Amino acid sequence: MITRTRLAAGVCALLAALTAGLAFPAGAAAGEPTGQDAPKVDLVLDVSGSMRARDIDGRSRMSAAKQAFNEVLDATPEEVELGIRTLGANYPGDDRKTGCKDTAQLYPVGPLDRTEAKTAVATLTPTGWTPIGPALLKAAGDLDGGDGSKRIVLISDGEDTCAPLDPCEVAREIAAKGIGLTIDTLGLVPTAKLSRQLSCIAEATGGTYTSVEHQDELTDRVNQLVDRAAEPVVTPVPTEGASRCVEAPTLKSGLYTDREEFGQQRWYRVEVLPGQELRASVSVAADRAVNPGYGVLMRAVTVKGREIVRGEAAGNGRTDVISTGLRYPEPERDGTDSDKPAAETVCLAVTHSFSAASGVKTTPGLPLELTVDVVDGPGRAGDVASFGLGRGWWLLGALILTGFLAGLVWGWLSRWRVAVWRTN
């Protein structure tokens, strides 16, 4: 696959499944949708004093949030179990220690009673502090258990006021637990600092961040996220790469998860038939504090050690995930190759160059997600390897020949005009 320095929106969505790899049973089929248990959503609402501000379509932020919640509750799919948690809703005082514990379950996660949930929302009044970190920890507990999708939707108008419990680090800890939980964040009329914090929280679990300044934007976005929770979950299959190709597990097309230690190399094997194309990609998640300067390398190698093709990506600074990929077509064989094995064994080697920051645990290794896809090659497999031109080489050759002939004609005409000019 094409090398990417970041997961696009689609890759980001797989990060939550990536970090959840070891929690799934080894007998699951690769990439098989699961979720017999009901999908769960916990709406976490900031009810701190700043929610009194009247800057959302002439209404207070609290009023806009209440209306959005009421409309979302009406539209919530029947199969979704939904709960509501608040932060900063109960303690109006100045004691920081007490204020940073102010998070409560307003409506428990479970089958939705719309009337009861709306009644609970109607009682909310902007009150206290903004303990985002503690609220996320509690919300993760609200969603514990089951193998259905789990999603936290955090709505806040201000950054956390309970440092040093950094909510971004809390989100990374939640991801590292491998419970398959995604956190999406929405910032109400956000400042630059709030946007950075909410973006970091979302990225740590493969979620999304959205800036909201209007009532309809808030309602629409929360509805989208609740509906997304009802979509089938694709479960990556746990696997364990080896230190050498000869000992590596043989993978079929699908989605796999593994963990790789710092400085380690993981090997996997894939069988590719003549006329097929191997497409593979890998994503490595930084689920803890790491040093700046990192990269990921994926190589396709023959069983004899000859490198076929590679994909690599690198970066510097803070990141939550880095990805790369490769493509390898196995050419069709003619009659003279009939004595060769039916399929070629391709060895995939994955290496990352993350290094642990001071005091950071190095075990378990960083979570990685491996996508393997073996498909029928389009046309002759050899064409695909030629920089993606396929049969376009014929057109390129024709264009080169045409340009060459045009150059000869133009040169002859130029010399003729010069000769005529000199004669005259």
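See the structure printed just above.
None of these values were measured; they are calculated from a predicted model. (Residues numbered from 1 in each chain as written. Predicted model: local features only at pLDDT ≥ 70, side-chain atom pairs only at ≥ 80, totals over all residues. Heavy atoms only, no water.)

A. Highlighting the pattern of salt bridges. Counted by the stated rule, this structure contains 13 salt bridges. The salt bridge involving Arg 151 is made with Asp 184; its shortest N-O contact spans 2.3 Å. In this pair, Arg 151 is assigned in strand E5 (residues 150–156) and Asp 184 in strand E6 (residues 181–188), connecting sequence segments 33 residues apart. A salt bridge links Arg 299 to Glu 307; the shortest N-O distance between them is 3.4 Å. Each of Asp 55, Arg 61 and Asp 157 takes part in a single network of salt bridges with overlapping partners. (Salt bridge = Lys/Arg side-chain N within 4 Å of Asp/Glu carboxyl O. Helix = DSSP H or I, 4+ residues; strand = E, 2+ residues; numbered from the N terminus.)

B. Here's a closer look at the packing of helix H6 (residues 167–176) against helix H7 (residues 192–204). Running from N to C, H6 and H7 cross one another at 5 degrees; their axes reach a closest spacing of 8 Å. On the basis of their axis angle, the class for H6 and H7 is roughly parallel. Contact residues: Pro 167, Cys 168, Ala 171, Arg 172 and Ala 175 in H6; Gln 197, Cys 200, Ile 201 and Ala 204 in H7. For the contact of H6 with H7, the class distribution of residues is seven nonpolar, one polar and one charged. (Axes fitted to C-alpha atoms, helices over the stretch in contact; angles between N-to-C directions. Parallel < 35°, antiparallel > 145°, perpendicular 65-115°, else oblique. Contact = heavy atoms within 4.5 Å. Nonpolar A, V, L, I, M, F, W, Y, C, P; charged D, E, K, R; others polar.)

C. Molecular detail of the nonpolar core. Ranked by size, the top nonpolar core spans 32 residues in total, and within it Leu 43, Leu 45, Ile 155, Leu 186, Leu 218, Val 222 and Val 226 carry the most contacts. Of all the secondary structure elements, the ones that give two or more residues to this core are strand E2 (40–46), helix H2 (61–75), strand E3 (81–87), helix H4 (114–122), E5, E6 and helix H8 (215–229). If we ignore the near neighbours within four places in the chain, the residues touching Leu 218 are Ala 64, Ala 65, Ala 68, Ile 155, Leu 186, Leu 188 and Val 212. If you look at the next biggest cluster of nonpolar residues, it comprises 29 residues, including Tyr 268, Leu 348, Leu 370 and Val 372. (Core = buried A, V, L, I, M, F, W, Y, C linked by side-chain atoms within 4.5 Å. Buried < 20%, exposed > 50% of the residue type's maximum accessible area, 1.4 Å probe, protein only.)

D. Representation of unusual backbone geometry in the model. Cis peptide bonds are those with omega within 30 degrees of zero, and the linkage from Thr 363 to Pro 364 qualifies with -5 degrees. Not every positive phi belongs to a glycine, and Val 189 is a case in point at roughly 45 degrees. Relative to the assigned elements, Val 189 resides in the loop between E6 and H7.

E. Just a nonpolar patch on the surface, in detail. Where nonpolar side chains cluster on the molecular surface, the patch consists of Val 409, Trp 410, Trp 412, Leu 413, Trp 416 and Val 420 and spans about 690 Å² of accessible area. Of the residues examined, Val 409 reaches a relative accessible area of 49% and is grouped as partly exposed. (Patch = residues over 30% accessible without salt bridge, like charges linked within 9 Å, V, L, I, M, F, W, Y side chains within 5 Å. Areas by Shrake-Rupley, 256 points an atom, 1.4 Å probe, with all protein chains shown as cover.)

F. Region of interest: the side chain of Ser 156. Mapped onto the elements of the fold, Ser 156 is located in strand E5. You can call Ser 156 buried: its relative accessible area is 0%. A distance of 3.0 Å separates a polar atom in the side chain of Ser 156 from a polar atom in the side chain of Asp 46. For Ser 156, the residues in contact, after removing those within four places along its chain, are Asp 46, Thr 130, Ile 132, Leu 186, Gly 187, Leu 188, Leu 194 and Leu 198. (Polar contact = N/O pair within 3.5 Å; in protein donor to acceptor, adjacent residues only side chain to side chain.)

G. A look at the state of the cysteines. All chains considered together, the criterion is met by three disulfides. Note on cysteine connectivity: Cys 100 is disulfide-linked to Cys 162, with sulfurs 2.0 Å apart. Between Cys 100 and Cys 162, the S-S dihedral sits near -100 degrees, and the bridge is therefore left-handed. Placement of the pair is Cys 100 in the loop between helix H3 (96–99) and strand E4 (103–110) and Cys 162 in the loop between E5 and H6, with a sequence separation of 62 residues. Shown here is the disulfide that connects Cys 168 with Cys 200, its sulfur atoms set 1.6 Å apart. (Disulfide = S-S within 2.5 Å.)

H. Spatial organisation of the environment of Ala 280. Within the secondary structure layout, Ala 280 lies in strand E12 (residues 276–285). What makes Ala 280 buried here is its relative accessible area of 0%. The sequence separation of Ala 280 and Val 372 amounts to 92 residues, and the corresponding C-alpha distance is 4.6 Å.

I. Looking closely at the sheet that holds E5. The strand order across the open sheet formed by six strands is E4-E3-E2-E5-E6-E7, and the pairing between neighbours is mixed. At either end of the open sheet lies a strand with only one pairing partner, and these are E4 and strand E7 (209–212). If you compare each strand with its neighbour and ignore which way they point, the axes differ by 15 degrees on average. (Pairing = 2+ DSSP bridges.)

J. Main features of a negative patch on the surface. Taken together, the side chains of Asp 57, Glu 71, Glu 213, Asp 216, Glu 217 and Asp 220 present a region of like negative charge at the surface. Looking at the negative patch, the element that brings in the most residues is H8, giving three residues. Position of Glu 217 relative to the elements: it lies in helix H8. (Lys, Arg positive; Asp, Glu negative; His and termini not counted. Charge placed at Lys NZ, Arg CZ, Asp CG, Glu CD.)

K. Fine view of H6. Of all the ten residues making up H6, seven are buried; the element is thus mostly covered by neighbouring parts of the structure. Residues Pro 167, Cys 168, Val 170, Ala 171, Arg 172, Ile 174 and Ala 175 constitute the buried set of H6. By the N-cap criterion, in which a side-chain oxygen at the helix start approaches the backbone nitrogen of a residue two or three places on, H6 is capped by Asp 166, the distance to Cys 168 being 3.0 Å.

Structural measurements only, silent on function.
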